Amino acid sequence: MKPVVIIGTGLAGYTTARELRKHDAETPLVLVTADDGTSYSKPMLSNAFARGKTPESLAQATAEQMGEQLGAEIRIEQRAIALDPEARAVHLDDGETLQAHAIVLAVGARQADPGLAGDAADQVLAVNDLASYARVRAALSEARRVTLVGGGLIGCEFANDWGAAGYDVTMVEPREWPMGTMLPPMAGAHLRHALINSGVNVVCGRTATAVESGDEGLTVHDSAGDSYVADVAVRAIGLRPNTELAREAGLAIGGRGIQTNRALETSAPGIYALGDCAEVDGVLLPFILPINHCARALGASLAGERTEVDYPVMPVIAKTPSCPIHLYAPPAEVAGEWRETEADDGVRGEFLDADGDPRGFVLTGGAVQEKGAYAARVPGYFANRERG
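Keep in mind it's a predicted model, so treat the numbers as computed, not measured.

A. How the structure looks around the overall build of the protein chain. Each helix and strand in the protein chain was counted, giving 10 helices and 26 strands. Within the protein chain, buried positions represent 52% of all 388 residues. With the model as given, the accessible surface of the protein chain reaches about 16,700 Å², and the carbon-plus-sulfur share is 47%. Averaged over its 33 positive side-chain charges, the protein chain has a centre that lies 3 Å from the centre of its 52 negative ones.

Put into structure tokens, the structure is as follows:
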């Protein structure tokens, strides 16, 4: 019997394997990963430092242990370099070809390149997996000053975490407030003030342009002509889905990721995608809960019961203790406006459509306690989109 081949052993890959095994203990299962296959929780990387978490303590299981748990063969430190959709085959970098019953692309995403100039641009670090967390943690062990290039969700989580650990943190963000692509103005302003009050130097409305080395360390320059001296510089400007393998195989690629329908089926029969690399029915949601919902549906489909995913109301919860945030963003295609009010030590906001119906919400500070009431008033994500 040909195996199910899963490419990637992050949250999406391993969770899909677990879900498949709930339905089917017999079908051969092979997971291919470019790293050592350690199982860990990637979302924990952005708030692990202040809690004293080492890479070793974040590791949950080795590849060997995961193989035993899943009844699977884990191919570590091997890369899938090409797909043959017609033959349903995966070509590996060691020359081997795996013939598959089904192929799952769980290849994730990479940190976006900010396009920095300067002789030290290649010294700007990024955290996107356990190995890169280990490198940044080692760099921070001999540092005091940190400059973050980017102030989105992950950048804010790093800033909060490293500030709480006692570092002098500067965050350079091109938008007018942190998490500027996600938060409306009052909520963004509340986050900015909270980070500043926690000791973070928040620089908004400017883009980091260059990084140069010198006797005092690294100097990060911004678009307004100011500069910030740091011992360590880290980029956090967002993720770019890894679509190259799928694109070269001729699979359909959307505006952001590998195109799938709600059954996680790509444009090629027998090939599926989920996680940070996948645009599910036009939507890319690179967060834990959507991935878990996709993995549950896909596990059933791989076992023979075709299942479509449905996204309920799943607020994004930012790991920023200085300013707790729960955000349920409205679909991009829904027209309307945010209406925000101050709350006790925070902000309440609802996104109302043209008919005055709530389609999204944001709560910060003490207002996050009201999440249940706000969540009850909005549709699940796909239903929200279908209402137009």
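Here the narrative resumes, following the displayed structure.
B. Examining the sheet that holds strand E15 (residues 217–222) more closely. Here three strands make up an open sheet; going across it, the order is E14-E15-E16 and the pairing antiparallel. Each edge of the sheet is formed by a strand with only one pairing partner; in this case those strands are strand E14 (208–214) and strand E16 (227–230). Neighbour to neighbour, the strand axes of the sheet diverge by 20 degrees on average, direction disregarded.

C. Broad picture of the state of the cysteines. Considering all chains together, one arrives at zero disulfides under this definition. Left without a disulfide partner, Cys 277 is nearest to the cysteine sulfur of Cys 294, which lies 10 Å away. Residue Cys 294 is classed as buried on the basis of its relative accessible area of 2%.

D. Region of the structure containing empty space enclosed by the protein. Scanning all chains against the criterion turns up one cavity of 30 Å³ or more. Computed from the structure, the largest cavity encloses a volume of approximately 50 Å³. Around the largest cavity sit Gly 275, Ala 278, Val 280, Val 283, Leu 284, Leu 285, Pro 290, Ile 291, Cys 294 and Tyr 311, which together line it. Where the lining of the largest cavity is concerned, the elements lending two or more residues are strand E21 (278–280) and helix H8 (288–302). The element best represented in the lining of the largest cavity is H8, accounting for three residues.

E. Expanded view of the layout of surface pockets. Computed from the structure, the second largest pocket encloses a volume of approximately 180 Å³. Taken together, Asp 35, Asp 36, Thr 38, Tyr 40, Pro 55, Glu 56, Ala 59, Asp 129, Leu 130 and Ala 131 form the lining of the second largest pocket. Secondary-structure elements contributing two or more residues to the lining of the second largest pocket are helix H2 (55–58) and helix H4 (130–140). Partitioned by chemical class, the residues of the lining of the second largest pocket number five nonpolar, one polar and four charged.

F. Here's a closer look at the packing of aromatic side chains. Counted under the stated rule, the structure contains seven aromatic pairs. Look at Tyr 311 and Phe 382: their rings are 4.8 Å apart centre to centre, the planes differ by 10 degrees, and that puts the pair in the stacked class. Separated by 71 residues along the polypeptide, Tyr 311 in the loop between H8 and strand E22 (316–318) and Phe 382 in helix H10 (residues 381–386) bring together distant segments of the chain. Accessibility classification places Tyr 311 together with Phe 382 in one group, the buried group. Taken together, a centroid distance of 5.6 Å and an interplanar angle of 75 degrees make the contact between Trp 338 and Phe 351 edge-to-face. With a gap of 13 residues between them, Trp 338 in strand E24 (residues 336–343) and Phe 351 in strand E25 (residues 346–353) connect regions that are remote in the sequence. An aromatic cluster is defined as three or more aromatic residues linked by ring pairs; in this entry it consists of Tyr 328, Phe 361, Tyr 374 and Tyr 381. The ring of Phe 382 carries Arg 262 above its face, with NZ or CZ at 4.0 Å from the centroid.

G. Structural detail: the pattern of salt bridges. On inspection of all chains with the given rule, the structure shows 20 salt bridges. A salt bridge links Arg 75 to Glu 73, with the shortest nitrogen-to-oxygen separation between them at 2.5 Å. You can call Glu 73 partly exposed: its relative accessible area is 39%. Between Arg 306 and Glu 265 there is a salt bridge, and its shortest N-O distance comes to 3.0 Å.

H. The side chain of Asp 222, seen in detail. By the element assignment, Asp 222 lies in strand E15. When its relative accessible area of 5% is taken as the criterion, Asp 222 is described as buried. Within the structure, the side chain of Asp 222 is placed 3.2 Å from the side chain of Arg 206, a separation counted as a polar contact. At 2.9 Å, the side chain of Asp 222 forms a polar contact with the backbone nitrogen of Ala 224. Contacts of Asp 222, omitting those with residues within four sequence positions, involve Val 172, Val 203, Arg 206, Thr 207, Ala 208, Thr 209 and Tyr 228.

Reading guide: rules and limits
Residues numbered from 1 in each chain as written. Predicted model: local features only at pLDDT ≥ 70, side-chain atom pairs only at ≥ 80, totals over all residues. Heavy atoms only, no water. Helix = DSSP H or I, 4+ residues; strand = E, 2+ residues; numbered from the N terminus. Buried < 20%, exposed > 50% of the residue type's maximum accessible area, 1.4 Å probe, protein only. Areas by Shrake-Rupley, 256 points an atom, 1.4 Å probe, with all protein chains shown as cover. Lys, Arg positive; Asp, Glu negative; His and termini not counted. Charge placed at Lys NZ, Arg CZ, Asp CG, Glu CD. Pairing = 2+ DSSP bridges. Axes fitted to C-alpha atoms, helices over the stretch in contact; angles between N-to-C directions. Disulfide = S-S within 2.5 Å. 1 Å grid on protein atoms, 1.4 Å probe; cavity = no way out; pocket = protein on both sides within 12 Å on 5 of 7 lines; lining within 4 Å. Points joined across faces, edges and corners; volume = space filled by probe spheres on them. Nonpolar A, V, L, I, M, F, W, Y, C, P; charged D, E, K, R; others polar. Phe/Tyr/Trp six-rings, centres within 6.5 Å; stacked < 30°, edge-to-face > 60°. Lys NZ or Arg CZ within 6 Å of the ring centre and 35° of its normal. Salt bridge = Lys/Arg side-chain N within 4 Å of Asp/Glu carboxyl O. Polar contact = N/O pair within 3.5 Å; in protein donor to acceptor, adjacent residues only side chain to side chain. Contact = heavy atoms within 4.5 Å.

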